[in-house]
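Observations on the three-dimensional arrangement
Chain residues, written in single-letter form:
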Amino acid sequence: MENVVGDRVLIAVQAVNISRLSTHPVPTVPGTLIVVAGAGPKDSNGAGKSSFIASITALLGDEQWRFASGAKAVAELLFNAELASGAGARQWASADHGYIVGVFAPPGLDDPLLPAAEADAAPEAGEDGPEEGGELFDVPDTSRGALTVWLRVNQEAPHLEIRWRPGVHLAAAPSEAERVARADETWASLPRSAGRRDVVARDLTRVLYGDRVRCVSFLSTSVRSKVATNLLSQPLNEISPERVFEAIAALTGLDAELEQEREARRDEHAKRVRAAEAADRLAEFESESKALLATFDRRDEARVRLAEALRCWRGRQARKLADAAGRDELLAAELERHGAAGEAAAEAVTVVKAEIATLKDDTLDRQVAQARKELAALQARAARLDADRAVAENSADELRGMIPGLEEARRFSDGRDVPTAERELREAGLRLNQALKALGVADQEVASAQAALDDAEGGPAAAQLDALAAAGVGATGLLDALDVAEQARDAAGLGTLRGWPHEHAVIVDAERLDDAARALAALPGSVLVSAAGVSVVGAFDGVATGREARIKAAEQRLNRARDVQESAAQAVRDEEEAVAQAQRRLEGARAGVRLAELEEKLAGRRARLAELNDAVAEVAPKVAEAERQAGALDFRARTRDMEIERLEGRRQRHEAERAQAREQEAKVAAEREALKLDALAADWGGTVETAREWVRALPEEERPRTADEWWRLGERHLDQALRDTFPEDDAEIPEELRFLLTERGGSTAREQATFSAVCASLASYLRGQEEYERHQRRQIEAQVVSRQRDLAAAARGAEEAAQSTAVHRAALTAAIKARLTRVAEEFDRLDTSYGGYGATLEFPVPPAPADPEQRWQWRVTPKWRRGEGQGFVPYNRRANTALMDEKAVKLVCAAAIASSGGGHLCLVLDELGRNLGKEHRREAVALFRRIGETYGITVIGALQDDMEPYAIDACGQYVKLRRSSDAMPYNEPPVIVGHDHHAERVRALAAYVDRSPTPAAP
């Protein structure tokens, strides 16, 4: 079943548990501009505009949802309590499924949402309500009537399930919760769309719409993880040609074909990789098989070697039997020869032992030890000299580092030596002490003059006057009342007036004399003078008269004392500077002495360093010579040891020869008994004559071989056969053979005694492996043939994939060029129809990328004429904003028209006019409406607040989604305004939604 919707157009949408959208059905006006506004808690954001238009694109099969991959992104549209309301996560539950319902009707059919003329007998609104199925009216011809499509959106897979039914079947109930419950009931009542199961996401576009594109869109990132370039989201001249092509590809469905081309390249790459892997596997198997076949070949060689070993063993037996007959005649001579050989070997052993004893003398060892001891002593001495030289160098460096500071200090000595500087410092100290004493005398005089001035200013009887003033008795000092003329001061004898009683005498009123006496009781010696007489309380010495004269004289004395004090202070400062200068000169002189000492020490260090350098230079050749002598002695010792080892080897060989000679003597002596002819004949299995005949029958080159040669040759063949059979040291040798090989080691006799048994055991093992190896050879040959066939098939598949990719790319190139050519034609037609001078698209064919994961990137450059008869100008040239906005709208509409294939198309835009300037918004929106109504395109655009005033008057239908508070998880009922005759559909749908199903009669 395909193209169920056919030519019907979408006339109503209902969302259940989709984002925060209200469950109220929303009618849509086909073939015009539908604007979707919002009223959220603060502005238009948060009202669900993007979710609303996204649900429409999912319903209309927009391929940007990737239905072939299951359309998992559609599940993100389901109601999420945490996102819908901050506190709603504790009060509301997220939806695990929801519904997107669409009502489709033929374009020329009367509005199916309005009661038809033949439905007059239908119950009135508010009486029985709609039928249980939820239809508003009866549609007798369901093939041409309305069709309701239900999309069930699931959180878990399958994420989309589709059912449909002729007629209008919406979830109708008075409240939101009842409509949600009614939606589940209605879904359960719908027939399964694919027999026993429902149609799922991958078959949505094919089953509902066939091969026709019904929707193209520009959606925001809030509802779509992969967002195509929106030609209206920014100025057109800021969009690169690559992104312009991506936008046109998304609108015309080319992105899916480009993805198929990339999949073809991926398939080609995968097949080439499989061919390379098949070649690698064949090479690896051939390498492994080569090693295994080499093992089999070695075992075949081992069988030949084993047969040759047995023949050599047979030759040994024949040769022994043939030689045994003549052996008896040579026994005496052989005994003599072996005796002589034994004696010669014994003499040789004696000589070698004497040489070894001579070489083992310890004189050379003592010389080596002495040389090493001397070398160690010289090396230790050289190390000490190096250490002393390092210490001397460090000490000299330290002394050299102190010299600049001492030279700097020595400059302050001004050429004086230490005694002179010390003498000048002592003299300066004495002068400083005298100046300090003079300063002390001057300070005392200043203090005395200051006290005299204070005394003169305070009066001679200041204490008495203060006491009387405190008691409230008026009084005047006697001396203050006297004024002596300047010329009479010397004659007056002022010095005689100082002291008691004149100095402490005060003049008081006679009536207050008693009060004054009581007030001065604490000051004995005070003198009270009144008209009643003189009253003495105590006595003092000295008298002065004339207060002004006394103050003047005291000030003059103070000034003189201060001058003397300043001169004394200046003298002290001068002497202190002299002392400091003398101290610096003394320190400079001492620094000069210290510098001389340091230079002397430095000269000593340098001399010591020279001595150490000479000593190091002297000891270095000695160390080298000692090392040479020790090395030479070590070499001699090693040579001696090697010579001893060589002599020991020769001694052992001579002893072995002697032992062998003795053994041969014993052997020869017992040979007639040990090697009996009967036993040898029995081993041969015949007579002596037959053995001799066998030997004579041998080839000329083998006939001279002795029994030992036959034995050694047979042993070599056996060893080679064993190595060919078991090339690895840890090979799995049969237990019997391993035991025999262990037993035969150690002597030739044991090897000869076990030779036959070893050959028999090895032959048995090789016979057992022979059949297995023949089978393995056949298997390997079959595997090589099979893997070669796989490689040929993989190479053939890779070549076919490359050819198929090339053919597909050529076809896709033609399709893209044809589609872009049609877009260019529609772009030119729209431009010339709506005020332009003509437009086109430039799209050169780019080379296919080598990377199979890289997208085939095309470039589209829009061009248009700016005047009649002018040439085409690229879009990225400077132009006014209004022209850019107009061309962007026309280009989007041209792409939409070209993708529709002549059928009805829905163009869905998010953030409509976001980039348009204020002066161009109304014209751009009106252009959308005119183009939509002219070409039968339904343009659905979501917009922000600032765009609403420009779009509300220019659109064919106005839908406003509302949500007044963040605490509300769901929207309020939308506001829907349909212009012209569409308003009747809106009113009918509103009445339908408000009607609830009537319960069935009991």
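It should be noted that the structure appears before, not after, this text.
The shown structure was predicted, so the numbers you read here are calculated from the model rather than taken from an experiment.

Quick look at the packing of aromatic side chains
- In this structure the tally under the stated criterion is eight aromatic pairs.
- Seen in terms of ring centroids, Trp-313 and Trp-711 are 6.1 Å apart; in terms of plane orientation they differ by 70 degrees. Their pairing is edge-to-face. Of this pair, Trp-313 sits in helix H7 (residues 254-327) while Trp-711 sits in helix H19 (residues 707-725), and the two are 398 residues apart along the sequence. Each member of the pair, Trp-313 as well as Trp-711, carries the same accessibility label: buried.
- Note on Trp-711 and Phe-755: the rings are 5.5 Å apart at their centroids and 65 degrees apart in plane angle, and the pair reads as edge-to-face. On the criterion of sequence distance, the pair formed by Trp-711 in helix H19 and Phe-755 in helix H21 (residues 748-833) is long-range, its members being 44 residues apart.
- One aromatic cluster is present, built from ring pairs that chain together Tyr-99, Trp-150 and Trp-187.
- Between the NZ or CZ atom of Arg-314 and the centre of the ring of Trp-684, over which it lies, the distance is 3.7 Å.

Focus on the pairing of strand E3 (residues 33-39)
- By the criterion of burial, E3 is predominantly enclosed, with six of the seven residues buried.
- Across four bridges, E3 lies against strand E19 (residues 937-942) in parallel orientation. Note on E19: the bridge partner recorded for Val-35 is Gly-941.
- Summarising the sheet, E3 and strand E20 (residues 957-962) pair through six bridges and their orientation is parallel. If you follow Ile-34 over to E20, its bridge partner there is Gln-957.

Considering the environment of Ala-462
- Secondary-structure assignment places Ala-462 in helix H11 (residues 462-471).
- With a relative accessible area of 23%, Ala-462 lands in the partly exposed category.

Some points on helix H17 (residues 677-684)
- Every buried residue of H17 is accounted for by Leu-680, Ala-681 and Trp-684. Taken down its axis, H17 places every buried residue within 100 degrees of arc, on the same side. Counted as exposed and oriented over 90 degrees from the buried face of H17: Asp-678 and Ala-682.

Quick look at the sheet that holds strand E1 (residues 9-16)
- As summarised here, the arrangement of the six strands in space is E2-E1-E4-E5-E6-E7, forming an open sheet in which the pairing is antiparallel. One side of each edge strand has no neighbouring strand; the edge strands of this open sheet are strand E2 (26-27) and strand E7 (199-200).
- Looking at chain direction, E1 and E2 are connected through two bridges and run antiparallel. Opposite Ala-12, over in E2, you have Pro-27 as the bridge partner.
- Sheet strands in contact with helix H1 (residues 49-59) are E1, E2, strand E4 (97-105) and strand E5 (147-154), and its direction is about 65 degrees off that of E4.

Points about the nonpolar core
- Counting 57 residues, the largest nonpolar core has Ile-248, Leu-841, Leu-907 and Phe-928 as its most contacted members.
- With eleven residues, the single largest contributor to this core is helix H22 (residues 881-900).
- Residues within four places of Leu-841 in sequence aside, it is in contact with Ile-248, Leu-820, Val-823, Ala-824, Phe-827, Val-860, Thr-861, Pro-862 and Leu-891.
- Counting residues in hydrophobic clusters, the runner-up holds 49 residues, among them Val-13, Val-36, Ala-47 and Leu-219.

Description of the pattern of salt bridges
- Taken as a whole and assessed by the stated rule, the structure comprises 32 salt bridges.
- A salt bridge links Arg-311 to Glu-308; its shortest N-O distance comes to 2.8 Å. Highlighted residues: Arg-311 and Glu-308, both in helix H7, separated by three residues, approximately one helical turn.
- Between Asp-515 and Arg-512 there is a salt bridge; the shortest N-O distance is 3.0 Å.
- Residue classification places Asp-515 among the partly exposed positions, given a relative accessible area of 27%.
- For Arg-512, a relative accessible area of 30% translates into the label partly exposed.

The rules behind these values
Residues numbered from 1 in each chain as written. Predicted model: local features only at pLDDT ≥ 70, side-chain atom pairs only at ≥ 80, totals over all residues. Heavy atoms only, no water. Phe/Tyr/Trp six-rings, centres within 6.5 Å; stacked < 30°, edge-to-face > 60°. Helix = DSSP H or I, 4+ residues; strand = E, 2+ residues; numbered from the N terminus. Buried < 20%, exposed > 50% of the residue type's maximum accessible area, 1.4 Å probe, protein only. Lys NZ or Arg CZ within 6 Å of the ring centre and 35° of its normal. Pairing = 2+ DSSP bridges. Arc of directions from axis to C-beta. Contact = heavy atoms within 4.5 Å. Axes fitted to C-alpha atoms, helices over the stretch in contact; angles between N-to-C directions. Core = buried A, V, L, I, M, F, W, Y, C linked by side-chain atoms within 4.5 Å. Salt bridge = Lys/Arg side-chain N within 4 Å of Asp/Glu carboxyl O.

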